[in-house]
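Results of the structural survey
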Amino acid sequence: MMPRVTIQPVSADDAEELIMANLASIALHEPWVSPCRDHASFMAYLARCDGEKTVGLIARERESGRIVGVINISEIVRGLFLNAYLGYYGMAGMNGRGLMAEAVALAVTYAFHTLGLHRVEANIQPDNKASRALAERLGFRKEGYSPRYLKIAGEWRDHERWAILAEEWDAAKGEVSR
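This write-up is about the structure you can find in this document. In this text the structure is predicted, and so the values were computed from the model without any measurement. (Residues numbered from 1 in each chain as written. Predicted model: local features only at pLDDT ≥ 70, side-chain atom pairs only at ≥ 80, totals over all residues. Heavy atoms only, no water.)

**A few points about the pattern of salt bridges**
Where charged atoms of side chains with opposite charge meet at close range, the side chains can pair. This model, assessed by the stated rule, comprises 12 salt bridges. Note that Glu30 is salt-bridged to Arg37, the shortest N-O span being 3.3 Å. Glu30 gets classed as partly exposed once you look at its relative accessible area, which sits at 41%. Where Glu143 meets Arg119, a salt bridge forms, and the shortest distance between an N and an O atom there is 2.3 Å. (Salt bridge = Lys/Arg side-chain N within 4 Å of Asp/Glu carboxyl O. Buried < 20%, exposed > 50% of the residue type's maximum accessible area, 1.4 Å probe, protein only.)

What follows is the structure in structure tokens.
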């Protein structure tokens, strides 16, 4: 079955549409994430997405081409660790249909098969029920709780740590483990 979404690395061509989608989704995003909402913050985001330490992916609905959400694979560490953090957020009007679950699944497959990572960790605020449910649905396991873990919108916020290993991902998807 063909996925309903595609993912592509963020590019300068995404600026206007992503900013507009983020502005239209403020009520959905807050207080969980503060994405780019103007050209300057978009350019700063794009500069961070260097493809080495951070990969920013734009998820689009295949049929309409509309932005479904954003998935970031960040703090990529090579060597013996082969680990990264996963962050994601969806857009208003595109939520509630499982499109972000498909997009995040594509991004996790990308992290393991294209980037060659061994482990991916998603840090999620405990009250963010939608993000927690998505991570659980995709087979991530809760590994712990970190008080005042990450500063978001000027406040230190508690987070739960959810993770999955490449071999767990491949086994759950019926693929041959590396």
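**Digging into the environment of Glu143**
In this fold, Glu143 is placed in strand E6 (residues 141-152). For the pair Glu143 and Arg161, spaced 18 residues apart in the sequence, the C-alpha separation amounts to 5.4 Å. With near-sequence residues (within four places) excluded, Glu143 lies in contact with Arg119, Glu121, Arg161 and Ala163. Reaching out from Glu143, the side chain makes a polar contact with the side chain of Arg141 at a distance of 3.1 Å. (Helix = DSSP H or I, 4+ residues; strand = E, 2+ residues; numbered from the N terminus. Contact = heavy atoms within 4.5 Å. Polar contact = N/O pair within 3.5 Å; in protein donor to acceptor, adjacent residues only side chain to side chain.)

**Things to note about the side chain of Asn72**
Within the fold, Asn72 resides in strand E3 (residues 67-77). Polar contacts involving the side chain of Asn72 include one to the side chain of Tyr45, which spans 2.6 Å. When sequence neighbours within four positions are dropped, the list of residues in contact with Asn72 reads Tyr45, Val55, Gly56, Leu57, Tyr85, Leu86 and Gly87.

**Brief notes about the state of the cysteines**
All told, the structure shown has zero disulfides when counted by the stated rule. Among the cysteines around Cys36, which has no disulfide bond, Cys49 carries the closest sulfur, lying 9.3 Å off. Residue class for Cys49 comes out buried when judged on its relative accessible area of 16%. (Disulfide = S-S within 2.5 Å.)

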